[in-house]
Amino acid sequence: MLTPHVRAPRPLRFLPRIALGVALLAVPATAVAATSDEPAQHGSATAATAAIGLDDPAKKEIAMQIVSSAENSSLDWKAQYKYIEDIGDGRGYTAGIIGFCSGTGDMLDLVELYTDRKPGNALAKYLPALREVDGSDSHAGLDPNFTKDWKKAAQDSEFKKAQNDERDRVYFNPSVNRGKADGIGVLGQFIYYDAIVMHGDGGDSTGFSNIRKKALAKARTPAQGGDEKTYLNAFLDARVWAMKQEEAHEDTSRVDTAQRVFVKKNNFNLNTPLDWKVYGESFHID
């Protein structure tokens, strides 16, 4: 599969991000205003947050389509289970529905999970090699047949389920739980999700937690009594700064002509129809 855009590289060896994800999973889904002693703002967006989140099946489908528009220039995210290529970003192979990388540990975690559930699968034999190449861009022990076997595994419903589960554990659930705790609605939770997908959440200055910290220096979350639109714009400002720290992220259209558009329209629930652009290409969801 050819992708016209450089997929977003994430930090190497992101174990701290996984630990954070596990911790955030402990945040109750209803903990909308649990992060501050200050009274929460009781506007319509905050009330909507309590009623529905990005984890609503219909909203989650929208989220996956928007991310896929940026990552794969397609709304058909379910076609990406079989995707695999080395895009030359120093992370080795990038693959699957969320861009699992052989050099950043999440691909290793995925194949370990798949093998725990289905020993002897087409990828199990690559586990020693994946452990060796973790933290590098090496293909040692993977070539020449790893990409072929990945695509073979992607025909297996168990492998698709493993991809879904790892996406949720490491990226999606932490984003939603953190967003609900901050009192932001479906759109804000999506903005968090897209940021974690691209930047991860390691200890580096461009990771999700540091992006959020920069935003909090400029605006309060709704859970802290702040205005949702003001806070989301502050977060997106910090996100654009983080993107511009790497040459591969210089095009910030996934923020400027997509997420900013939804914020400007006060579409805090990501209600359809939706129209946006990424890298100059237009997308629409009815």
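Since we're looking at a predicted model, the values are computed, not measured. (Residues numbered from 1 in each chain as written. Predicted model: local features only at pLDDT ≥ 70, side-chain atom pairs only at ≥ 80, totals over all residues. Heavy atoms only, no water.)

Engineer: Tell me about the overall build of the chain, and please be specific about residues and values.
Structural biologist: A count of helical and extended segments in the chain gives 11 helices and five strands. Buried positions account for 57% of the 286 residues belonging to the chain. Total accessible area on the chain stands at roughly 11,600 Å², and carbon and sulfur atoms take up 51% of it. (Helix = DSSP H or I, 4+ residues; strand = E, 2+ residues; numbered from the N terminus. Buried < 20%, exposed > 50% of the residue type's maximum accessible area, 1.4 Å probe, protein only. Areas by Shrake-Rupley, 256 points an atom, 1.4 Å probe, with all protein chains shown as cover.)

Engineer: Any chance you could break down the sheet that holds strand 2 (residues 93-95) for me, citing the residues and the numbers?
Structural biologist: Judged by pairing direction, the sheet is antiparallel, and its three strands sit side by side in the order 1-2-3 without closing on themselves. The strands lining the two open edges of the sheet, one partner per strand, are strand 1 (84-86) and strand 3 (100-101). Here two bridges tie strand 2 to strand 3, and the two strands are oriented antiparallel to one another. Its bridge partner lying in strand 3, Ala95 is registered against Phe100. Docked against the sheet, helix 6 (residues 146-153) engages strand 1 and strand 2, running at close to 155° with respect to strand 1. (Pairing = 2+ DSSP bridges. Contact = heavy atoms within 4.5 Å. Axes fitted to C-alpha atoms, helices over the stretch in contact; angles between N-to-C directions.)

Engineer: Could you give me a rundown of the pattern of salt bridges, with the residues and numbers involved?
Structural biologist: All chains considered together, the criterion is met by 16 salt bridges. The closest approach of N and O atoms between Asp182 and Arg212, which form a salt bridge, is 2.8 Å. Of this pair, Asp182 sits in the loop between helix 7 (157-181) and helix 8 (186-199) while Arg212 sits in helix 9 (residues 208-216), and the two are 30 residues apart along the sequence. Grouping residues by exposure puts Asp182 and Arg212 together as buried. Via salt bridges that share partners, Glu71, Asp194, Arg239 and Arg254 belong to a single interconnected network. (Salt bridge = Lys/Arg side-chain N within 4 Å of Asp/Glu carboxyl O.)

Engineer: With reference to specific residues and values, describe helix 4 (residues 106-117).
Structural biologist: Its 12 residues give helix 4 an end-to-end C-alpha distance of 17 Å, which sits within 8% of 16 Å, the value for a rise of 1.5 Å per residue. Three or more residues of helix 4 are buried, namely Asp106, Met107, Leu108, Asp109, Leu110, Val111, Leu113, Tyr114 and Thr115. (Expected span 1.5 Å × (residues − 1).)

Engineer: Outline the confidence of the model for the chain, listing residues and values.
Structural biologist: Taken as a whole, the chain shows an average pLDDT of 86; of its residues, 82% reach a score of 70 or greater. Note that pLDDT drops below 50 for residues 1-50; the model gives that stretch 138 contacts with residues more than four away or on any other chain. (pLDDT = per-residue confidence, 0-100.)

Engineer: Can you lay out helix 11 (residues 253-264) for me, pointing to particular residues and giving the numbers?
Structural biologist: Those residues of helix 11 that fall on the buried side of the exposure criterion are Ser253, Arg254, Val255, Ala258, Gln259, Phe262 and Val263. Check the buried side of helix 11 and you find it contacts helix 3 (57-72), helix 8, helix 10 (228-243) and strand 4 (274-278). Positive backbone phi, approximately 55°, marks Asn266, located one or two places after helix 11.

Engineer: Outline the pairing of strand 5 (residues 281-285), supporting the account with residue identities and numerical values.
Structural biologist: Bridge count for strand 4 against strand 5 is five bridges, and the pairing is antiparallel. Bridge assignment links Lys277 to a residue of strand 5, and that residue is Ser282. In this structure, the hairpin formed by strand 4 and strand 5 is closed by a connection of two residues, where Tyr279 is found at a positive phi of approximately 55°.

Engineer: Before we move on, can you summarise unusual backbone geometry with the specific residues and values?
Structural biologist: Cis geometry marks the peptide bond from Asp143 to Pro144, where omega comes out at 10°. Here Pro144 lies in the loop between helix 5 (127-133) and helix 6. The amide bond that connects Thr272 to the next residue, Pro273, takes the cis arrangement and shows omega of 5°. Relative to the assigned elements, Pro273 resides in the loop between helix 11 and strand 4. In this model, Ser73 sits at a positive phi of 55°, which is unusual for a non-glycine residue. Counting through the fold element by element, Ser73 comes out in the loop between helix 3 and strand 1. On the basis of relative accessible area, Ser73 is assigned to the buried category, the value being 17%. One non-glycine residue, Tyr279, lies in the positive phi region at around 55°. If you trace the backbone, Tyr279 turns up in the loop between strand 4 and strand 5. Since its relative accessible area comes to 23%, Tyr279 is described here as partly exposed.

Engineer: Any details on the packing of aromatic side chains? Residues and values, ideally.
Structural biologist: Following the criterion strictly, the structure yields 12 aromatic pairs and no others. Ring centres of Tyr114 and Phe159 lie 4.7 Å apart, and the angle between their planes is 40°; on these two criteria the pair is classed as tilted. Placement of the pair is Tyr114 in helix 4 and Phe159 in helix 7, with a sequence separation of 45 residues. Across this residue pair, the class does not change: Tyr114 and Phe159 are buried. Clustering of aromatic rings is evident, with ring pairs tying together Tyr93, Tyr114, Tyr126, Phe146, Trp150 and Phe159. Positioned over the ring face of Phe172 is Lys60, at 4.6 Å from the centre of the ring. If you follow Lys214 out to its NZ or CZ, it ends over the ring of Trp241, 4.4 Å from the centre. (Phe/Tyr/Trp six-rings, centres within 6.5 Å; stacked < 30°, edge-to-face > 60°. Lys NZ or Arg CZ within 6 Å of the ring centre and 35° of its normal.)

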